[in-house]
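Observations on chain architecture
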Amino acid sequence: MDEFWNFAGNYWWLIFPLMGVGGAIANNIRQASKNRHQRRLEVLAAKRDLKAAEIQARATQRAEKQGLPIPEYQHPVPLGAVSPDAAAVATPTNRKQELTRLTAEHDAIVKRWLDYELDVAKLIAYPAMSDGRNELTAAFLRAKRRADSLRPESVDAKVDADAVRAYREAVIDFGSAFDVAERDAKRQTNRSFSDDERKRLDRALQLLRVAEDQGATQAERQVAYRRVREELDGLIVISDEAITVLEKKVAGEITSGPTG
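Please read all numbers here as calculations on a predicted model, not as lab measurements.

A short note on the layout of surface pockets
- Taken as a whole, the largest pocket encloses approximately 240 Å³ of empty space.
- What lines the largest pocket is a set of 15 residues, and nearest its centre among them are P127, D131, R133, F193 and L235.
- Here the lining of the largest pocket is composed, by residue class, of 6 nonpolar, 7 polar and 2 charged.

Now the structure itself:
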């Protein structure tokens, strides 16, 4: 111990360059994280612009078929500046057609989301899709709330062209944000978990297969179901709706089959 303090006393000045090195490392880590975040935002913006361009192309085709003026817009479309598409909402009939298309697209995106939200096996395989702390997941959930809030009560609702345009932009944002979040969740799978946590996720997935296996006994399936819940506790947030779906599925498997 005396030797250490003698060394420290003679070479105390080394603390300053070492502090500089530590600060540089910390700055590099922060910059790398910032760069990753920026790249994700750029991907989201690119997806949004591409989706807007596709919408505009379809609007042009509809206008040509109906003999209406072709909507003018600049390409590429700036982020957040979707073409007004006047031809698509020029009359109440056109607005109804546009709302029918948009609500169908909105429903299709929600269905894709529910495929994860209500499927425990998918949530185990791609946990980021249920993690609101993930910035991309949080982004698509915000986009969903905005699209939901701007959605008319029905396609027959009396809404003006501005309301239709706002809803169109919200649906585009929702679809783009979901695409980016889904791609990122599939890329990272369970990498954000520790080795022990990944083993728990693997066990939960294996147990889930037993819980839903018609070849297993009722006791085996019930035990497997309870163990699935135990393995996932504290790892993945599973909605009450997903639990209900799983319980009904397991109960249906257990009670299915000939009764006579």
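Moving on, there is more to tell.
Overview of the side chain of S239
- Structurally, S239 is set in the loop between α8 (218–232) and α9 (240–255).
- A residue is classified by how much of its surface remains accessible, and S239, at 13% relative accessible area, is buried.

Concerning the packing of helix α5 (residues 135–150) against helix α6 (residues 161–188)
- Taken N-terminus to C-terminus, the directions of α5 and α6 make an angle of 155 degrees; their axes are 8 Å apart at the nearest point. With respect to α6, the element α5 is oriented roughly antiparallel. The crossing of α5 and α6 is left-handed. For the pair α5 and α6, the contacting residues are L136, T137, A139, F140, A143, K144, R146, A147 and L150 in the first and A166, Y167, E169, A170, V171, D173, F174, A177, F178, V180, A181 and D184 in the second.
- In the contact of α5 with α6, the residues fall into 15 nonpolar, 1 polar and 5 charged.

What to know about the packing of helix α7 (residues 195–211) against α8
- Where α7 meets α8, the axes come as close as 8 Å, and the angle between the chain directions of the two elements is 155 degrees. By the angle class used here, α7 and α8 are roughly antiparallel. Both α7 and α8 take part in a crossing whose hand is left-handed. Contacts from R200, L201, R203, A204, L207, L208, V210 and A211 in α7 reach E220, R221, A224, Y225, R227, V228, E230, E231 and L232 in α8.

Brief notes about α8
- A rise of 1.5 Å per residue sets the reference length of α8, with its 15 residues, at 21 Å; its end C-alpha atoms lie 22 Å apart and thus fit the reference within 8%.
- Among all positions in α8, only R221, A224, Y225, V228, E231 and L232 are buried. Considered in projection along α8, the buried side chains sweep an arc of 130 degrees and stay on one side of the axis. Along α8, exposed side chains directed more than 90 degrees from the buried face belong to A219 and E230.
- Of the residues flanking the end of α8, it is G234, one or two places downstream, whose phi is positive at about 85 degrees.

Remarks on the side chain of E117
- For E117, the location among the structural elements is in helix α3 (residues 92–117).
- Despite its burial, E117 pairs with no opposite charge; the closest candidate is K144, at 9.3 Å N-O.
- Not counting residues within four places of it along the chain, the set of residues in contact with E117 comprises L123, S239 and A242.

Criteria and cut-off values
Residues numbered from 1 in each chain as written. Predicted model: local features only at pLDDT ≥ 70, side-chain atom pairs only at ≥ 80, totals over all residues. Heavy atoms only, no water. 1 Å grid on protein atoms, 1.4 Å probe; cavity = no way out; pocket = protein on both sides within 12 Å on 5 of 7 lines; lining within 4 Å. Points joined across faces, edges and corners; volume = space filled by probe spheres on them. Nonpolar A, V, L, I, M, F, W, Y, C, P; charged D, E, K, R; others polar. Helix = DSSP H or I, 4+ residues; strand = E, 2+ residues; numbered from the N terminus. Buried < 20%, exposed > 50% of the residue type's maximum accessible area, 1.4 Å probe, protein only. Axes fitted to C-alpha atoms, helices over the stretch in contact; angles between N-to-C directions. Parallel < 35°, antiparallel > 145°, perpendicular 65-115°, else oblique. Left-handed = near helix turned anticlockwise from the far one by under 90°. Contact = heavy atoms within 4.5 Å. Expected span 1.5 Å × (residues − 1). Arc of directions from axis to C-beta. Lys, Arg positive; Asp, Glu negative; His and termini not counted. Salt bridge = Lys/Arg side-chain N within 4 Å of Asp/Glu carboxyl O.

None of this, on its own, says anything about what the molecule does.
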